[in-house]
Amino acid sequence: KLGSFDHSTFWKGNRFPSIKAKSFGRISMAVAVNVSRFEGEELQPYVLKVVKKAENLMLERGENKEYLPIEGLAAFNKVTAELLFGADNPLIQQQRVATVQGLSGTGSLRLAAALIERYFPGAKVIISSPTWGNHKNIFNDARVPWSEYRYYDPKTVGLDFNGMMSDIKAAPEGSFVLLHGCAHNPTGIDPTLEQWEKIADIIQEKNHIPFFDVAYQGFASGSLDADASSVRLFAARGMELLVAQSYSKNLGLYSERIGAINVVCSSADATARVRSQLKRLARPMYSNPPIHGARIVANVVGNPALFKEWKEEMELMAGRIKNIRQKLFDSLSAKDKSGKDWSFILKQIGMFSYTGLNKAQSENMTDKWHVYMTKDWKNIIGRIIFSQM
Ligand code: PLP
């Protein structure tokens, strides 16, 4: 009887008249994700050797697929906070970090956005101009108001530090300041340590809450510690802060959706309360997070031999990007007689480089020379994306 059920008599007309298709064809997303996974000349997606080793260990142990608790794998949460803040950071001993495993960087940011929406009604998040394209979507969907602070200076192809400082200062007291921990996406431009100190000063002065997005720890400079220095500098001041982490790039675990949200609180008691509320938000959204990527991270970071190997592989990946930057700088400086200063290519860090080329120049590079760039920053700046391996 059910087999002959005619849906057309049941469904009358178009139930979704106002829903329009949305195109996700923004080239920068496809390029950023795909190119970063290509290996050498073979153009094959690269799986880190250390990841394969961890997976073999997991297979040998014959681990089951039981649900994780809402907050995720305990061994993962422990190592991820240690990786970020440093294992000997007093914050960890004082139990002042609420860490909850998230659905990679995006899901962790989204969970934090939900926490802000629920417990800081009306509070604003200020984000850099430009920023990673999904930040605005995340806060829009979480109904969190946001505005931009100046970041990129087209004159120097560097940081608009004064603009950034005055916009952070002008934001309503108690705003959340979204900061890229390292390897700013899309510009590749990071503040120096002295500038980070000044940014921390102004944030403290205005009673703002720093909210770090760390999607490239270790992948930017090749050193896990150096890439976490911005976050650690703020944490060392005793500030309460949020940090979303991702293992998509540094462990190449894109599709495993593994990351975490860390909230540094003022006491162990506040930490327990924040953790419980993060769990309360996660439960109706996705119940509990996936286990495979969490186990890989726990095995790699928690095993001294694998951890050492990971660091070596990461140095290789970051080193390759640095070499390409150097080669690009060398050949541009040698061949370009216009007197233009190309040193920003070396000052920038990570996978992305704002070239300072305008729309017409970028299009000329593509049409004539098949050098492909995304048009970023108000659709006028050509951006190069370096590949990982
Ligand atoms: N934040 C930034 C700045 C990013 O560049 C990315 C990825 O490109 C992410 C977060 C999130 O990535 P994922 O959700 O894959 O961890």
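Up top is the structure these notes are about.
To start, this report covers the structure provided alongside it. (Residues numbered from 1 in each chain as written. Predicted model: local features only at pLDDT ≥ 70, side-chain atom pairs only at ≥ 80, totals over all residues.)

For the protein chain, the count of helices and strands is 16 helices and 14 strands. For the protein chain, the residues scored as buried account for 42% of the 389 residues in total. Once local pairs closer than 6 in sequence are excluded, the contacts in the protein chain between residues at least 24 apart make up 74%. (Helix = DSSP H or I, 4+ residues; strand = E, 2+ residues; numbered from the N terminus. Buried ≥ 20, exposed ≤ 12 C-beta atoms within 10 Å, placed from the backbone. Contact = placed C-beta atoms within 7 Å.)

Glancing now at the site of the ligand. Taken together, Ser104, Gly105, Thr106, Trp132, His180, Asn185, Asp213, Ala215, Ser246, Ser248, Tyr254 and Gly259 make up the full set of residues near the ligand. The element that contributes the greatest number of residues to the shell around the ligand is helix 6 (residues 104-119), accounting for 3 residues. Residue composition of the shell around the ligand, grouped by class: 3 nonpolar, 8 polar and 1 charged. (Near = placed C-beta within 6 Å. Nonpolar A, V, L, I, M, F, W, Y, C, P; charged D, E, K, R; others polar.)

This part covers the pairing of strand 11 (residues 258-264). Among the 7 residues of strand 11, 7 are classified as buried, and the element is accordingly described as predominantly covered. Going residue by residue along strand 11, you find Ile258, Ala260, Asn262 and Val264 tucked away on one face and Gly259, Ile261 and Val263 tucked away on the opposite face as well. The sheet contact formed by strand 10 (residues 241-246) and strand 11 spans 6 bridges and is antiparallel. Across the sheet, alanine 244 pairs through a bridge with isoleucine 261, a residue of strand 11. (Pairing = 2+ DSSP bridges.)

Here we come to the pairing of strand 5 (residues 146-150). Where strand 4 (residues 125-129) and strand 5 come together, 5 bridges link them in parallel fashion. Opposite isoleucine 126, over in strand 5, you have serine 147 as the bridge partner. In this view, the connection linking strand 4 to its parallel neighbour strand 5 by way of helix 7 (residues 134-141) has right-handed handedness. (Right-handed = clockwise from strand over helix to strand, strands pointing away.)

A few words on helix 8 (residues 161-170). An α-helical segment advances 3.6 residues per turn. Residues three or four places apart therefore align on the same side. Within helix 8 the residues assigned to the buried category are Met164, Asp167 and Ile168. For helix 8, the buried positions fall inside an angular range of 100° around the axis, keeping them on one side. Of the residues in helix 8, the exposed ones pointing more than 90 degrees away from the buried face are Asn162 and Ala170. Its buried side turned inward, helix 8 meets strand 4, strand 5, strand 7 (158-159), strand 8 (176-180) and helix 9 (193-205). (Arc of directions from axis to C-beta.)

Moving on: helix 14 (residues 304-335). Relative to the 46 Å expected for 32 residues at 1.5 Å per residue, helix 14 spans 46 Å between its end C-alpha atoms, a close match to the ideal helical length. Along helix 14, the positions that sit buried rather than exposed are Trp310, Glu313, Met314, Met317, Ala318, Ile321 and Arg325. On its buried side, helix 14 packs onto helix 3 (49-61), helix 13 (292-302) and helix 15 (344-347). (Expected span 1.5 Å × (residues − 1).)

To continue, consider the nonpolar core. With 92 residues, the main nonpolar core has Leu111, Ala112, Val125, Phe211, Ile261, Leu278 and Val297 as its most contacted residues. Tallying contributions element by element places helix 6 first for this core, with 7 residues. Sequence-distant contacts of valine 297, defined by excluding residues within four places in its chain, comprise Phe76, Val79, Thr80, Tyr247, Leu251 and Ile258. (Core = buried A, V, L, I, M, F, W, Y, C linked by C-beta atoms within 7 Å.)

Let us now look at the environment of methionine 285. Locating methionine 285 in the fold gives a position in helix 12 (residues 268-286). Residue class for methionine 285 comes out exposed when judged on the 11 C-beta atoms lying within 10 Å of it. Put simply, methionine 285 and leucine 111 are 174 residues apart on the chain and 9.2 Å apart in space, counted from C-alpha to C-alpha.

What follows deals with the sheet that holds strand 4. Taken together, 7 strands build an open sheet; the order of strands is 3-11-10-9-8-4-5 and the sheet is mixed. Two strands in the sheet have a free side with no partner beyond their single neighbour: strand 3 (97-103) and strand 5. With strand direction ignored, the average angle separating the axes of adjacent strands in the sheet is 25°. Alignment of strand 3 against strand 11, held across 7 bridges, turns out to be antiparallel. If you follow glutamine 101 over to strand 11, its bridge partner there is alanine 260. (Axes fitted to C-alpha atoms, helices over the stretch in contact; angles between N-to-C directions.)

The subject of this paragraph is the packing of helix 6 against helix 12. For the pair helix 6 and helix 12, the least separation of the axes is 10 Å and the interaxial angle reads 110°. As judged from the angle between their axes, helix 6 and helix 12 are roughly perpendicular. Facing Leu111, Ala114 and Leu115 of helix 6, the residues of helix 12 in contact are Gln277, Leu278, Leu281 and Ala282. (Parallel < 35°, antiparallel > 145°, perpendicular 65-115°, else oblique.)

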